[in-house]
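Summary of the model geometry
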Amino acid sequence: MKFKQDGAKPIYVQISEWIETEILSGAIPEDHKVFSQYQLAEMFNINPATAAKGLNLLADENILYKKRGLGMFVTPNATQFILEKRKSQTMKNLVYELVLEAERLGVSETELINLIKEEKERQRGNQK
């Protein structure tokens, strides 16, 4: 994975989001050890302090917990925490931006809802 260094989102946030996605996908199960800051730094060619900041962000959100001398581990129920967080923050932000852009373009509420329904149908068709 490559991180975007355009300044829109700090790399440590991108690291934390990548780890969250790994947890959601089941690649890193709950109660299992996650990569260390040094492993992440080597994997992504970043500063270990940046990687540590991403890990600490997840620890502050109770998605990871520290075992002294052993490293960071995925909190039980981390998947649920991440889902709730992404629904309350990410989805709301995306919907806000979508509605704002629809207003600028003169797209009606009905048109917007239809566009969303059409996209959901298209995505369902691609999954089969």
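Presented here is an overview of the structure given in this document. (Residues numbered from 1 in each chain as written. Predicted model: local features only at pLDDT ≥ 70, side-chain atom pairs only at ≥ 80, totals over all residues. Heavy atoms only, no water.)

**Re helix α3 (residues 48-60)**
The terminal C-alpha atoms of α3, which comprises 13 residues, lie 18 Å apart, in line with the 18 Å expected from a rise of 1.5 Å per residue. Along α3, the residues classified as buried are A51, A52, G54, L55, L58 and A59. Along α3, the residues classed as buried sweep out an arc of 160 degrees about the axis, all on the same side. Opposite its buried face, α3 presents the exposed residues A49 and D60, each directed more than 90 degrees away. As for α3, its buried residues are in contact with α1 (11-25), α2 (37-44), β1 (64-67) and β2 (71-74). Its side-chain oxygen placed 2.7 Å from the backbone nitrogen of A49, N47 serves as the N-cap of α3. Looking one or two residues beyond α3, the residue adopting positive phi is N62, at roughly 60 degrees. (Helix = DSSP H or I, 4+ residues; strand = E, 2+ residues; numbered from the N terminus. Expected span 1.5 Å × (residues − 1). Buried < 20%, exposed > 50% of the residue type's maximum accessible area, 1.4 Å probe, protein only. Arc of directions from axis to C-beta. Contact = heavy atoms within 4.5 Å. Polar contact = N/O pair within 3.5 Å; in protein donor to acceptor, adjacent residues only side chain to side chain.)

**Side note on the side chain of S16**
Looking at where S16 falls in the secondary structure, it is placed in helix α1. Not counting residues within four places of it along the chain, the set of residues in contact with S16 comprises G54, L57 and L58.

**Details of the nonpolar core**
The biggest cluster of nonpolar side chains holds 20 residues, and the ones touching the most others in it are I19, I23, V34, L40, L55, L64 and V74. Listed by contribution, the elements that provide at least two residues to this core are α1, α2, α3, β2 and α4 (78-105). Setting aside residues up to four positions removed in sequence, I19 forms contacts with L40, L55 and L58. (Core = buried A, V, L, I, M, F, W, Y, C linked by side-chain atoms within 4.5 Å.)

**Details of the packing of α1 against α4**
Two elements in contact, α1 and α4, have axes whose closest approach is 9 Å; the angle formed by their N-to-C orientations is 125 degrees. Considering the angle they form, α1 stands oblique to α4. Between α1 and α4 lies a crossing of left-handed hand. Seen from α1, the contacting residues are E17, E20, T21, I23 and L24; seen from α4, they are A78, T79, I82, L83, K85 and R86. Taken together, the residues of the contact of α1 with α4 break down into five nonpolar, two polar and four charged. (Axes fitted to C-alpha atoms, helices over the stretch in contact; angles between N-to-C directions. Parallel < 35°, antiparallel > 145°, perpendicular 65-115°, else oblique. Left-handed = near helix turned anticlockwise from the far one by under 90°. Nonpolar A, V, L, I, M, F, W, Y, C, P; charged D, E, K, R; others polar.)

**Comments concerning the pairing of β1**
Relative to β2, β1 runs antiparallel, the two sharing four bridges. Bridge pairing links L64 to V74 in β2. Between the antiparallel neighbours β1 and β2 lie three residues, among them G69 with a positive phi of about 80 degrees. (Pairing = 2+ DSSP bridges.)

**Some details on unusual backbone geometry**
One can expect most non-glycine residues to show negative phi and most peptide bonds to be in trans. One non-glycine residue with positive phi stands out, namely N45, at about 55 degrees. Inspection of the secondary structure puts N45 in the loop between α2 and α3. Looking at N45, the relative accessible area reads 71%, which means it is exposed. A positive phi angle, close to 70 degrees, is found at N77, a residue other than glycine. With respect to the secondary-structure elements, N77 resides in the loop between β2 and α4.

**Quick notes on the packing of aromatic side chains**
Using the criterion set out here, one finds three aromatic pairs in the structure. Between Y65 and F73, the aromatic rings sit 5.9 Å apart at their centres with planes inclined by 25 degrees, giving stacked as the arrangement. With a relative accessible area of 10%, F73 lands in the buried category. Members of the aromatic cluster, joined through ring pairs, are W18, F35 and F44. In this structure, K53 is placed above the aromatic ring of Y12, and the distance from its NZ or CZ to the ring centre is 4.4 Å. The side chain of K67 reaches across the aromatic face of F73, ending 4.5 Å from its centre. (Phe/Tyr/Trp six-rings, centres within 6.5 Å; stacked < 30°, edge-to-face > 60°. Lys NZ or Arg CZ within 6 Å of the ring centre and 35° of its normal.)

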